Structure formats: C-alpha cells, structure tokens
Amino acid sequence: MRADRYIDAGPLGLELYRSVAELPIVSPHGHIPVELFADGSARLEQPGKLFVGADHYVVRMLHSQGVALERVYDADDRSMWRLLAENVDLFVLTPSGLWLRETLANVFGIEEPLGHANADAIYDRVEEQLGSPAFAPHALLDRFGVECLATTDPAGSSLERHRGLAPRIRPTFRPDAVVALDAPGWRAAIGDLGVEDYATFIAELEQRRARFKELGATATDHAATSADTTRLEDDEAASLFAKALRGTPSEADARRFEAHMLNEFARMSVDDGLVMQLHVGSLRNHDRPLAERFGPDIGSDIPVATDWTRGLRPLLERYGDDPGFGFVVFTLDESTYSRELAPLAGHYPAMKLGCPWWFHDSPAGIDRFLDRVVETAGIANLAGFTDDARALTALPARHDLWRRRTCGWLARKADAGFVSKDDSYRIARELTVDLARRAYNLD
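Predicted model only: the values in this text are computed from it and were never measured.

Definitions and limits used
Residues numbered from 1 in each chain as written. Predicted model: local features only at pLDDT ≥ 70, side-chain atom pairs only at ≥ 80, totals over all residues. Heavy atoms only, no water. Pairing = 2+ DSSP bridges. Helix = DSSP H or I, 4+ residues; strand = E, 2+ residues; numbered from the N terminus. Contact = heavy atoms within 4.5 Å. Axes fitted to C-alpha atoms, helices over the stretch in contact; angles between N-to-C directions. Polar contact = N/O pair within 3.5 Å; in protein donor to acceptor, adjacent residues only side chain to side chain. Buried < 20%, exposed > 50% of the residue type's maximum accessible area, 1.4 Å probe, protein only. Parallel < 35°, antiparallel > 145°, perpendicular 65-115°, else oblique. Left-handed = near helix turned anticlockwise from the far one by under 90°. Nonpolar A, V, L, I, M, F, W, Y, C, P; charged D, E, K, R; others polar.

1. Points about the sheet that holds strand S2 (residues 146–150)
Next up, step 1: Overall, parallel pairing links the three strands, which are arranged S1-S2-S4 in an open sheet. Each edge of the sheet is formed by a strand with only one pairing partner; in this case those strands are strand S1 (25–27) and strand S4 (169–170).
Next up, step 2: Where S2 and S4 come together, two bridges link them in parallel fashion. When the bridges of S4 are listed, Leu149 appears paired with Ile169.
Next up, step 3: Against the sheet, helix H19 (residues 395–415) contacts S1 and S2, and its axis sits at roughly 105° relative to S1.

Quick look at the structure:
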C-alpha cells in the first residue's frame, strides 16, 4: 500500500502523518462490549458476524441492492462472509470498503483483494487468527496501542464486568432506555432501576452515575432525534412520568420529557463532573417493518434536520458558562456545522464539537467538517476523534484514516500559507490525542 494513501497533499502531509502515526489510540466513545475484556477466555466473533452481521454500514448497503436480510441474520457465519465477498464491489469508494481493505491488510496481514474466488480461503485465515492468543482482546489492545477505550453501558447496568478494568477500559453512562417514555422496553428498564416515581427516578440516576464514576467513567452519552432541551417544572415532569407508569404516553409527551431530561442531565453533569455527550439527528428504525422483523441497528436509521440554536438554548443559558460543565455534541445534519454549531462552540466555554459521526465519518466528511467549523470555532473547541466502533479490529483503521486525513488537511493549509509548519505539527498532535484527552477529562 502507498505510504501517503488518503492524505491527498504534498510531502508535508506525509511528514505530519508520520509524526502522529504511532501515538496511542484514545477512544472515548464506542460500542465495543465490555464482556470482551472482563472474561479472560473471551474471543472475538467469527469473521461473518465481525465484518457483516455486526456492521450496520455493510448491512444497509446489501439491503439497498435487494439482498434479503435473512441471508445475513438467518445464515451461518461462513455464508455471511461469502455474501460479503460476492458483493464486495458495492463498497468501492465507500468508508466501509476502505475499512475492510485496511483491516484485512494491517490487522490480519491479508493484502489480497477479497472476492468470490478466495472467500473461503480468506475466511479460514481470518478465523484461524481470531482463535489465536495473539487476537485475545487484551493482546489486541496492547498491539493497537490503546491507551483508553470507553464502552457504552445502560443506566441499569450492574457494572460488575467493569470491575478492575479502569483506567484502560471505562464505562459510559447511557440512560436513553429509561428516558424515552414511549419506547417498547421502557417499563422493563424502569423496573431494573427499582423506582416508583419521578423523585426516586432522579435520585436513582444520580446514584447510578456516581457508581459509574467510581469505576472509571468520565462521560455520559445521550441520543435524541431533536436537540430540544426545554426544561419542565418538576411537578409537570413528575406528572408525565406518573402518566407513563399508568399507561401509554403520547409521542408529544415523551418528547417533552426527553427534552427536559437532557436539561436535567446537564445539571447532573455540573454536579458530578461527568462530561455530557449528545448525539442528535437520527430518526431510528425508519423502515419499521424491517425493524420489527430483524430488530434495531440494521442500517435503517436516517438523518434528519436539526435546530441546534433554538434547541440547545435552554440548556446552554443555564449551564453553558459553568466551568464545571463539559458538553460534546455530534450531529448528522452537516448544514449546521458553520451556521449553528461552530458559532455555539465558539461562544459557550462548556461546549465542544464532536468529530464527523456515522454517515460523515469518511475522508470527504472529515474535510467538510474541518472546512466548515475551524474558521469560527478554532481547533481548541473541537473534541478530537471518537471512533464509535462496534468491533475491536476496526480501531486501527478508523483512527489511522482520521490521522491521515487531518494531516492532509493541515498540509494543504500550510502549503497555501494559512498556518505555519510548526503550528501544523502541534495541531496534528492535538487532533490525534490531546483534544480528546482534554474534552473527556483523560489528562
């Protein structure tokens, strides 16, 4: 492979990349299961599940071409892998194709292009390695140079599997299941908390957050379709909660309660110091018949427009200037980068901008993000890189692409006279590790 791949700049781009290529991986947000690290005998999933079944990027592309999802979710593992190999051309010029190629080459040592003819041979080579001691989860953390990896854990988690894993493996408090009053599993999630009314609900969440922090958590994570953070009076919030316990709440009431709880979670973050992450702009399970058949996370989540300026105003007016509040936001609405998010982060001390997320975690997506936010927000108001990965083997490719692409962007700016060479080296390191350490209190 070319040494300067994906950098798309003159010689300085490769120089900058080489200055950061071997820095440790800091992964403050992702979805790799903690069970991999808690159980000494755990191994990674087989190739089909690892590269296809657990990857909604891959599944959605296959579905877009008419591939029946029974061929993914009802198939044996080798058949899943063959399905990927038979359709590998679909992923040319996509991030999924790039990550697949890079992971096979740099994690498994397989540079031969995957295809129908060699699918079984490559499957066997990958599976043999996955079952070896060198691919044990903790061995891979060492090999990849992972300094810190945060998992995402429900509010009701016992966290027993996290015991003894910090500071390398840290939990993240994710309360979405107990906040969405109209979610199918809401009553079961509330039952796990053992609460009877709104007051005990809030008290229990505060206690759970304290437990997360004891076991190494530095952040919380919240996903919402809207950025609305309008706060309710306590008696109104209590009434909505009680109504949900008695019956099925309306969608409007559920969204009002969700907005209120985002404001309340900001208040809790001021009190306990946990950084608040907010991911906004995905309409989940857009293809409801498919979601009912196969469940969530199958690639049918679709971005929607987001009103950040009005939505965040109640939260930021109350907490945005508080020196004890850390707030990292991620969007799927790229149109808001320069119009709303960069000006907000360029004003409120608490707010930092998360990197391109989901559909925009791509070479061009990284460029668009930097082009649209840095002129207004600067570099210091960015939160660095988060990989959002679900597979441990995906970490090197995700982080390496960010490093290559940001170094290329910086080199082009330097070559055009916008930034000095010395500042370019400093900023390359900040974008690679330093900004994430600061934004997530990992210094």
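2. With respect to the side chain of Asn118
Next up, step 1: By the secondary structure assignment, Asn118 is in the loop between helix H7 (95–106) and helix H8 (119–130).
Next up, step 2: Of the polar contacts made by the side chain of Asn118, one reaches the side chain of Glu112; its length is 2.8 Å.
Next up, step 3: If sequence neighbours within four positions are ignored, Asn118 has contacts with Glu112 and Pro113.

3. Structural notes on the pairing of strand S6 (residues 219–224)
Next up, step 1: Burial analysis of S6 places six of its six residues in the buried class, the great majority of the element.
Next up, step 2: Side-chain alternation along S6 places Ala219, Asp221 and Ala223 on one buried face and Thr220, His222 and Ala224 on a second face that is also buried.
Next up, step 3: As defined by bridge partners, S6 adjoins strand S7 (residues 275–280) across six bridges and the pair is classed as parallel. Looking at the pairing, Thr220 lines up with Met276 of S7.

4. Section: the packing of helix H12 (residues 198–214) against helix H14 (residues 251–272)
How two helices sit against one another is set out by the angle between their axes and by the gap between those axes.
Next up, step 1: Running from N to C, H12 and H14 cross one another at 45°; their axes reach a closest spacing of 11 Å. Between H12 and H14, the crossing angle belongs to the class labelled oblique. At the point where H12 passes H14, the crossing takes the right-handed sense. Facing Tyr198, Phe201, Ile202, Leu205, Glu206, Arg209 and Lys213 of H12, the residues of H14 in contact are Phe257, His260, Met261, Glu264, Phe265, Arg267, Met268, Ser269 and Asp272.
Next up, step 2: Residues belonging to the contact of H12 with H14 are distributed by class as follows: eight nonpolar, two polar and six charged.

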